[in-house]
Amino acid sequence: RFIAKPCAINLGIQDSGPHRAQPNAILEKVFTSITKSPDGKRLEGLSKQLDWDVRKIQRWFRHRRNQDKPTTLTKFCESMWRFTFYLSIFFYGIRFLWTAPWFWDTRQCWYNYPFQPLTSRLYYYYILELAFYWSLMFSQFTDIKRKDFLIMFVHHLATIGLITFSYMNNMVRVGTLVLCLHDASDFLLEAAKLANYAKYQRLCDAFFMLFGVVFIVTRLGIYPFWILNTTLFESWELIGPYPSWWLFNGLLVTLQVLHVIWSYLIVRTASKALVRGKVSKDDRSDVESSSEEEDVTSNSTKGIFSTSSNGSNRLNGHVAGAQWTGE
């Protein structure tokens, strides 16, 4: 309210929503009480009742659905908040872990386990991350429902389960590695969204490409060969199998499966960007064009993030404008 909004206004972002639908009591009643996306049979009936062309009624429903979407200003403020959190928590984690012995030698995660001290900095790091992911869990139900809703829901469940489980079992050392690794790319995604809302397309595309590289390196490289290696093999070697070993590693492997899915979407989007000169429309976005002209041109003229979509990755994600997902 006091920081992001003034920044958005200075960048020329207006607090104006999409084109509003023409007031119509009959269509409004159908929209609110029956369906927001009428089928062909109902469209024909409404066409006869109102003496409107079917195309006009379809256009009205598109306008009506889109007018409930958040404005670009709202999305900018949300992305700026997430960018601030991800950047701050990432640098806090790096600063904390840089002097931690298990950051350089993962076997240190299991020495003297479970009798490892819980320092105040480690405690606050965990509590902040857990609180944030709970907020993402709840806000997912109030944000626009996207095609990757189930994937993100599973991701948030797995993340909250891992943070809680590792804290209860004092596996906080390896937990901090997982948290820091996941925060490494998220702030780049939010930076790309901010650049898009401000209509800096080249900067937006550059941030997205950088995000893709960091995401793939950390989640397909460091995560399986560093994190999963220590939880699956080094822990088995140093402390042996413990009762919850299967659950703990099952959740970590679930995250890895999601990483592979998201990496595929990112690579596909980046490939199209190289061909078209910029990143194409987001397949997972449920935002619609508000006219037939927009329907025809949206795939070829929009950049990474469609400004008519919700800015929420996560992923986190969680934006329109590319065939990818955030966090």
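Only a predicted model underlies this, so the values are computations on that prediction, with no experimental measurement involved.

Re the overall build of the chain
So, point 1. Each helix and strand counted, the chain has 12 helices and zero strands in total.
So, point 2. Seen in sequence order, the chain has helices and strands lined up from the N terminus as α-α-α-α-α-α-α-α-α-α-α-α.
So, point 3. Here the chain holds 327 residues, and the buried ones make up 52% of them.
So, point 4. A total accessible area of about 15,900 Å² is found for the chain, and carbon and sulfur atoms account for 63% of it.

Overview of the packing of aromatic side chains
So, point 1. Tallied over the full model, the rule gives 28 aromatic pairs.
So, point 2. Summarising the aromatic geometry, the rings of Phe90 and Phe91 are spaced 5.5 Å apart at their centres and angled 65° between planes, so their arrangement reads as edge-to-face.
So, point 3. Given a relative accessible area of 14%, Phe90 falls into the buried group.
So, point 4. Aromatic pair Tyr126 and Tyr167: ring centres 6.1 Å apart, planes at 35°, arrangement tilted. With Tyr126 in helix H7 (residues 120-139) and Tyr167 in helix H8 (residues 149-168), the pair connects residues that are 41 residues apart, well separated along the chain.

Overview of helix H3 (residues 40-50)
So, point 1. Within the sequence span of H3, burial applies to Leu43, Leu46, Ser47 and Leu50. Mapping the buried residues of H3 onto a view down its axis gives an arc of 105°, with all of them on the same face. Exposed residues on H3 whose side chains face more than 90 degrees from its buried face are Lys41, Lys48 and Gln49.
So, point 2. Contacts from the buried residues of H3 go to helix H2 (25-33) and helix H4 (54-66).
So, point 3. Following H3 by one or two positions, Asp51 has its phi on the positive side, about 60°.

Structural notes on the nonpolar core
So, point 1. If you look at the biggest cluster of nonpolar residues, it comprises 55 residues, and the most contacted ones within it are Leu97, Trp102, Tyr223 and Phe248.
So, point 2. Broken down by element, this core gets its largest block of residues, 12 residues, from helix H9 (residues 172-197).
So, point 3. Excluding residues within four positions of it along the chain, Trp102 makes contact with Phe96, Leu97, Gln108, Cys109, Leu122, Arg173, Thr176 and Leu177.
So, point 4. Counting 11 residues, the second largest nonpolar core, distinct from the first, contains Leu27, Val30, Leu46 and Trp60.

Remarks on the pattern of salt bridges
So, point 1. One pass over the full model with this rule turns up three salt bridges.
So, point 2. In this structure, Glu237 engages Arg107 in a salt bridge whose closest nitrogen and oxygen atoms are separated by 3.2 Å. Of this pair, Glu237 sits in helix H10 (residues 201-238) while Arg107 is found in the loop between helix H6 (101-104) and H7, placing the two residues 130 residues apart along the sequence.
So, point 3. Under the relative-accessibility criterion, Arg107 is labelled partly exposed at 24%.
So, point 4. Two residues, Glu190 and Lys193, come together in a salt bridge whose shortest N-O distance is 2.9 Å. Of this pair, Glu190 and Lys193 both sit in helix H9, separated by three residues, roughly a single helical turn.
So, point 5. Given a relative accessible area of 1%, Glu190 falls into the buried group.
So, point 6. We classify Lys193 as buried; its relative accessible area is 0%.

Observations regarding the UniProt feature "transmembrane region" (unreviewed entry) in the chain
So, point 1. When the UniProt feature table is mapped to this numbering, "transmembrane region" (unreviewed entry) covers residues 83-103, 123-142, 207-226 and 246-267.
So, point 2. Helix makes up 86% of residues 83-103 and strand 0%. Its end C-alpha atoms lie 24 Å apart.
So, point 3. Counted over residues 123-142, helix gives 85% and strand 0%. Its end C-alpha atoms are 30 Å apart.

Focus on the environment of Thr218
So, point 1. Note on placement: Thr218 falls in helix H10.
So, point 2. Linking Thr218 and Asp183, residues 35 residues apart in sequence, is a C-alpha distance of 9.9 Å.
So, point 3. Not counting the four nearest positions on each side in its chain, Thr218 is found in contact with Leu181, Ala184 and Tyr223.

Thoughts on the side chain of Thr218
So, point 1. Among the residues examined, Thr218 registers a relative accessible area of 7% and is labelled buried.
So, point 2. Within polar-contact distance, the side chain of Thr218 engages the backbone oxygen of Phe215 at 3.2 Å.

Focus on the state of the cysteines
So, point 1. Counted according to the given criterion, the structure contains zero disulfides.
So, point 2. Free cysteine: Cys7, not disulfide-bonded; nearest cysteine sulfur from Cys77 at 8.8 Å.

Brief notes about the environment of Arg42
So, point 1. With respect to the helices and strands, Arg42 occurs in helix H3.
So, point 2. Considered as a pair, Arg42 and Val30 are 12 residues apart in the sequence and their alpha carbons are 9.7 Å apart.
So, point 3. Setting aside residues up to four positions removed in sequence, Arg42 forms contacts with Val30, Ile34 and Thr35.

Reading guide: rules and limits
- Residues numbered from 1 in each chain as written.
- Predicted model: local features only at pLDDT ≥ 70, side-chain atom pairs only at ≥ 80, totals over all residues.
- Heavy atoms only, no water.
- Helix = DSSP H or I, 4+ residues; strand = E, 2+ residues; numbered from the N terminus.
- Buried < 20%, exposed > 50% of the residue type's maximum accessible area, 1.4 Å probe, protein only.
- Areas by Shrake-Rupley, 256 points an atom, 1.4 Å probe, with all protein chains shown as cover.
- Phe/Tyr/Trp six-rings, centres within 6.5 Å; stacked < 30°, edge-to-face > 60°.
- Arc of directions from axis to C-beta.
- Contact = heavy atoms within 4.5 Å.
- Core = buried A, V, L, I, M, F, W, Y, C linked by side-chain atoms within 4.5 Å.
- Salt bridge = Lys/Arg side-chain N within 4 Å of Asp/Glu carboxyl O.
- UniProt positions renumbered as here; feature names shortened; annotations may be inferred.
- Polar contact = N/O pair within 3.5 Å; in protein donor to acceptor, adjacent residues only side chain to side chain.
- Disulfide = S-S within 2.5 Å.

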